[in-house]
Amino acid sequence: MAVSLREYRARIRSVESTKKITRAMELIAASRIIKAQQRAQQAAPYARELTRAVSALVTYSNTDHPLTTEPEDPKRAAILIVTSDRGLAGAYSSSVLKEGERLAERLRGEGKQVVTYLTGRKGEAYYRFRGRDVAQSWAGFSDQPRYQNAKEIGEALIGAFTAEEGEPEQVDEVHLVYTQFRSMLVQEPHNLRMLPLEVVESDERPEKDDVLPLYEFEPSPAEVLDELLPRYVQSRIFFALLQASASELAARQKAMKSATDNAEELIKKYTRIANQARQAGITQEISEIVGGVNALADANAGGE
């Protein structure tokens, strides 16, 4: 019984150590979520105004551009899947990877070959374990993305989309799969087609009384498109990275809080079992002492 009691006490110490770690990770994630939300909110006005400018240019000019031209027979589609660099975030990465799998199945059903691009070490590990090919991947910035990261990714995807037919990296479509941050409790996997360009309005729509701006394009709509469209694609990717960052931190905080609560329950359970084991041991020792005293008394009485 004493050995069992020592084992339970060792388990309690082990769970207490785990609880300290999960509690610290919960607090770190909570402290970073506010900053991640602020970065996403600060990026929203730029994305909104850039979307308006691109919408106006695409709507009111007859200029054709490689990024807005629908291919006649699309055969290859690229998918950029945004995952995390670290684990301990619940089902965050697995959810977005499942969304990517569903999109890939749909595209294959349409007769298209799927080319995968990844961000985050979790996505890299997922595809490497299954022996699947990845065109290109990026990692090391999932919780704190910078615009330079989005620019690098955007340039690679635009380069693949504008490549000549027959080149190894050439694709006809580019899709983006990431996690939208709805609230601290809700983060939803989402996918959208970026290329050929689909102008996506921001969630923050103008009020009824707002006057939409008038644009004058110089030197020409074609040259403005050459500058704006790559920036638009990069801004969409950057906004998705920021949304994914906030979602990852929220998922990690929720997962670590759940782990901390489970550790507390486990400590209570082991403490209760240890107390029962200690009480059982004491009861057995008392019984043995009483039995020995009675045996000794009986022996003395028989000798007399």
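All values reported here derive from a predicted model rather than from experimental measurement. (Residues numbered from 1 in each chain as written. Predicted model: local features only at pLDDT ≥ 70, side-chain atom pairs only at ≥ 80, totals over all residues. Heavy atoms only, no water.)

## So, unusual backbone geometry
Comment: phi is negative for the bulk of residues other than glycine, and the bulk of peptide bonds are trans.
Inference 1: In this structure, Pro196 follows Leu195 across a cis peptide bond, with omega equal to -5°.
Inference 2: Here Pro196 shows up in the loop between strand 5 (187-195) and helix 5 (221-303).
Inference 3: With a phi angle near 55°, Leu88 is a residue other than glycine that sits in the positive phi range. (Helix = DSSP H or I, 4+ residues; strand = E, 2+ residues; numbered from the N terminus.)

## What to know about the confidence of the model for the protein
Inference 1: Here the protein shows a mean pLDDT of 85. Residues at 70 or above account for 90%.
Inference 2: In the model, residues 201-206 has pLDDT below 50 throughout and makes 7 contacts with residues more than four positions away in sequence or in other chains. (pLDDT = per-residue confidence, 0-100. Contact = heavy atoms within 4.5 Å.)

## Brief notes about helix 2 (residues 92-109)
Inference 1: Its 18 residues give helix 2 an end-to-end C-alpha distance of 26 Å, which sits within 8% of 26 Å, the value for a rise of 1.5 Å per residue.
Inference 2: Tyr92, Ser93, Val96, Leu97, Glu99, Gly100, Glu101, Leu103, Ala104 and Leu107 are the residues of helix 2 that are buried.
Inference 3: Of the residues flanking the end of helix 2, it is Gly111, one or two places downstream, whose phi is positive at about 85°. (Expected span 1.5 Å × (residues − 1). Buried < 20%, exposed > 50% of the residue type's maximum accessible area, 1.4 Å probe, protein only.)

## Side note on the pairing of strand 2 (residues 113-119)
Inference 1: Counting buried residues along strand 2, 6 of its 7 residues qualify, which places the element largely inside the surrounding structure.
Inference 2: In the classification by handedness, the crossover that spans strand 1 (residues 76-82), the intervening helix 2 and the parallel strand 2 is right-handed.
Inference 3: Here strand 2 runs beside strand 3 (residues 136-138); their pairing, made up of 3 bridges, is parallel. Residue pairing across strands places Leu118 opposite Ser137, the latter belonging to strand 3. (Right-handed = clockwise from strand over helix to strand, strands pointing away. Pairing = 2+ DSSP bridges.)

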